[in-house]
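Chain residues, written in single-letter form:
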Amino acid sequence: MEIAKVGLRSALEAREITRRQFIEFCSAMVATLALPSRYTTAVAEALEKTKRPVLVWLEFQDCAGNSESMLRSGDPPVGDFVLELFSWEYHELIMAGAGKKAEETLQRIVRDHKGEYIVVVEGAIPTADDGVYCTIGGRTALDIAREVCAHAAANIAIGACAWDGGVVSAGPNPTGAVGLQEAVPGIKVINLGGCPHNPANTAAVLVHYLTFNEMPELDQYNRPLFAYGNLIHDQCERRAHYDAGRFVEEWGDEAHRKGWCLYKVGCKGPEATYNCPTVRWNSGTSWPVKAGHGCIACASHRFWDTRSPFYDRLPSVPGFGVDVKAEEIGWIGTGVVAGAMVAQVAGNVVRDVLRARKDQDETDQTPDA
Ligand code: SF4
Ligand code: SF4
């Protein structure tokens, strides 16, 4: 496989992607990155000038769900743009080459493009018994990751498994599976957790890198703040029902049919951060909570172990101003929860009145200019 020399514009034309669709994609990326809309032109110009860096996509202990999520991402697929923004030299699922030739390609990239190529890693990496539980072309995933990722310009761990081991590392974890960061300490990694990742976020990270030549701002887990900086609960369209104490008690009950809050049937939204409610899935059509299922916190750290059982309610109820336990909500019922809300609202009113009075006092004491 030779590294593609075709410019972005002609590559997009070859895929019958129009200029209008390209600008719409840039605009969507700017919105996902939470940048002001005036950045759309700058992003479009930067992408058109890009030299299409080499991209290597490694798959280890995985289900290929993150590849699928990217390649089947909408109309026109975000994946189409991402495919054309980079020169994809190695991706087991989509490359034509196979066997020895494919592995030689990977070796050539590491040798000839040291410090220039981007690596996307999908899947966990087994470390038990010298990593023997995942081998490709006779080499362990651990060995491949150590070599390929150590010489990359940037590494993106995509999906829960590459971030923290995901389902593969859930107890009892017989293969000693870990995420990329733990398997190869000391390398630069940006983590895009989620099961699977949301392709809009991954595209936005790549677009940010191509436009500004750096990765976006990250949190303590090396996840981009634009995607993982806000609670699901604070962005959820069912939040008004939570605040009013209107909960689904059983799947399929009247409250479920009415679209009330899923907290009592296990929704982990109050403790999970992700932009799932705003970016959504299938070209922004919907997301799981809108469709009627609670959030299982798939973008939270080690969520298979720390957030399960998925249908048990969270043990405390944040947002009521006092530490109300879930069991108490179960016992005291919606009416008292509503009472707690009334008390909280009343408290807010008192606070606002006091603030207003203080402001008025300060205004009265301010000499006229
Ligand atoms: S608990 Fe879940 S369903 Fe209810 S408002 Fe929060 S995120 Fe939405
Ligand atoms: S609703 Fe929650 S569990 Fe479902 S995809 Fe979104 S973040 Fe993941």
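Let me sum up the structure you'll find in this document. Quick caveat: nothing in here was measured; it's all calculated off a predicted structure.

**Remarks on the overall build of the protein**
- Within the protein one finds 18 helices and eleven strands.
- For the protein, with 369 residues in total, the buried portion stands at 50%.
- Put simply, 72% of the contacts in the protein that link residues at least 6 apart link residues at least 24 apart.
- Of the roughly 17,800 Å² that the protein leaves accessible, carbon and sulfur atoms contribute 53%.

**Topic: the site of ligand 1**
- Around ligand 1, the neighbouring residues are His233, Cys236, Arg238, Arg239, Tyr242, Cys261, Leu262, Tyr263, Cys267, Gly269, Pro270 and Val289.
- Residue composition of the shell around ligand 1, grouped by class: eight nonpolar, two polar and two charged.

**Here we look at the side chain of His241**
- Mapping His241 onto the fold places it in helix α13 (residues 239-243).
- Residue classification places His241 among the buried positions, given a relative accessible area of 17%.
- Discounting residues that sit within four places of it in the chain, His241 has contacts with Arg246, Gly259, Trp260 and Cys261.

**Brief notes about unusual backbone geometry**
- In the segment running from Gly171 into Pro172, the intervening peptide bond is cis, with an omega of 10 degrees.
- Residue position: Pro172 is located in the loop between α8 (159-164) and β8 (177-178).
- Between Ser308 and Pro309 the backbone carries a cis peptide bond, its omega angle lying at 0 degrees.
- With respect to the secondary-structure elements, Pro309 resides in the loop between α17 (303-306) and β10 (316-317).
- Of note, Asn173 is a non-glycine position whose phi angle comes to about 45 degrees, a positive value.
- With respect to the helices, strands and loops of the structure, Asn173 is situated in the loop between α8 and β8.
- On the accessibility criterion, Asn173 (19% relative accessible area) is buried.

**Remarks on the pattern of salt bridges**
- Considering all chains together, one arrives at 19 salt bridges under this definition.
- When the shortest N-O distance is used, the salt bridge between Arg108 and Glu89 registers 3.7 Å. In this pair, Arg108 is assigned in helix α6 (residues 99-112) and Glu89 in strand β2 (residues 87-91), connecting sequence segments 19 residues apart.
- For Arg111, the salt bridge is made with Asp112, and the minimal N-O distance between the two is 3.2 Å.
- Here Arg111 falls in the exposed class, since its relative accessible area comes to 56%.
- Judged by its relative accessible area of 43%, Asp112 is partly exposed.
- The structure contains a network of salt bridges with shared partners spanning Arg15, Arg52, Asp80 and Glu84.

**Regarding the nonpolar core**
- In terms of nonpolar packing, the biggest core is built from 56 residues, with Phe22, Phe25, Leu47, Leu85, Phe86 and Ile156 touching the most fellow members.
- Looking at which element gives the most residues to this core, the answer is helix α10 (residues 199-212), with seven residues.
- Leu85 has contacts with Leu8, Phe25, Leu47, Thr50, Arg52, Pro53, Val207 and Leu210, leaving out every residue within four places of it along the chain.

**So, α10**
- The end-to-end C-alpha distance of α10 is 20 Å, a good match for the 20 Å that 14 residues give at a rise of 1.5 Å each.
- Most of α10 is tucked away: 13 of the 14 residues are buried.
- Among the residues of α10, the N-terminal cap falls to Asn198, whose side-chain oxygen and the backbone nitrogen of Ala200 are separated by 3.0 Å.
- Following α10 by one or two positions, Asn213 adopts a phi angle in the positive range, close to 60 degrees.

**Here we look at the sheet that holds strand β3 (residues 118-122)**
- Pairing in this open sheet of five strands is parallel, and the strands run β2-β1-β3-β7-β9 from one edge to the other. The two strands at the open ends of the sheet, each matched to only one other strand, are β2 and β9 (189-192). For this sheet, the mean inter-axis angle between neighbouring strands, taken without regard to orientation, is 20 degrees.
- Pairing analysis gives five bridges linking β3 to strand β7 (residues 154-158), with the strands arranged parallel. Bridged to Val121 within β7 is Ala157.

**Quick word on the state of the cysteines**
- For the coordinates displayed, the defined rule picks out zero disulfides.
- Free cysteine: Cys63, not disulfide-bonded; nearest cysteine sulfur from Cys195 at 6.5 Å.

**So, the environment of Thr140**
- Take Thr140: it is sitting in strand β6 (residues 139-140).
- In this structure the C-alpha to C-alpha distance between Thr140 and Thr127, which are 13 residues apart in sequence, comes to 9.4 Å.
- If near-sequence neighbours (up to four positions away) are discounted, Thr140 is found in contact with Asp130, Gly131, Val132, Cys134 and Thr135.
- A polar atom in the side chain of Thr140 sits 3.0 Å from the backbone nitrogen of Asp143.

**Section: the packing of helix α2 (residues 19-32) against α10**
- Relative to each other, α2 and α10 sit at 95 degrees, their axes nearing to 9 Å. The angle between the axes of α2 and α10 places the two elements in the roughly perpendicular class. In contact with Phe25, Met29 and Thr32 of α2, α10 contributes Ala200, Asn201, Ala203, Ala204 and Val207.
- Within the contact of α2 with α10, the residues separate by chemical class into six nonpolar, two polar and no charged.

Definitions and limits used
- Each chain has its residues counted from 1, following the order in which its sequence is written.
- All chains are assigned letters beginning with A, and all ligands numbers beginning with 1, in the order in which they are written.
- The predicted origin of the model limits local features to residues at a pLDDT of at least 70 and limits the giving and counting of side-chain atom pairs to 80 or more, whereas totals for whole chains, interfaces and linings rest on all residues.
- Side-chain measures here rest on the full set of heavy atoms in the structure, leaving out hydrogens and waters.
- Strands here are runs of E lasting at least two residues and helices are runs of H or I lasting at least four, both read from the DSSP assignment and numbered beginning at the N terminus.
- Exposed residues in this analysis have more than 50% of their type's maximum accessible area, buried residues have under 20%, and partly exposed residues fall in between, with area computed by a 1.4 Å probe over protein chains only.
- Contact between two residues is taken to exist if any of their heavy atoms lie within 4.5 Å; hydrogens are not considered.
- Surface accessibility in these figures is a Shrake-Rupley result with a 1.4 Å probe; residues are shielded only by whichever protein chains are displayed.
- Any residue with a heavy atom lying within 4 Å of a molecule or strand is counted as near it.
- Each residue gets one label: Ala, Val, Leu, Ile, Met, Phe, Trp, Tyr, Cys and Pro are nonpolar, Asp, Glu, Lys and Arg are charged, and the others, such as Gly, are polar.
- Should a side-chain nitrogen of Lys or Arg be within 4 Å of a carboxyl oxygen of Asp or Glu, the pair is scored as a salt bridge.
- Residues belong to one nonpolar core when they are buried, are Ala, Val, Leu, Ile, Met, Phe, Trp, Tyr or Cys, and are joined through side-chain atoms within 4.5 Å.
- In this analysis, the expected span of each helix is defined as 1.5 Å times one less than the number of residues it contains.
- Definition of a polar contact: a pair of N or O atoms within 3.5 Å, with one able to donate and the other able to accept a hydrogen when the atoms are protein atoms, and with sequence-neighbouring residues admitted only if both atoms are side-chain atoms.
- Only strands that DSSP links by at least two bridges are regarded as paired with each other.
- Where helices are involved, their axes are fitted lines through C-alpha atoms of the stretch in contact, as for all axes, and angles between N-to-C directions lie from 0 to 180°.
- The rule for a disulfide is simple: a pair of cysteine sulfur atoms within 2.5 Å.
- Here is the rule for angles: anything less than 35 degrees is roughly parallel, anything more than 145 is roughly antiparallel, 65 through 115 is roughly perpendicular, and the remaining ranges are oblique.

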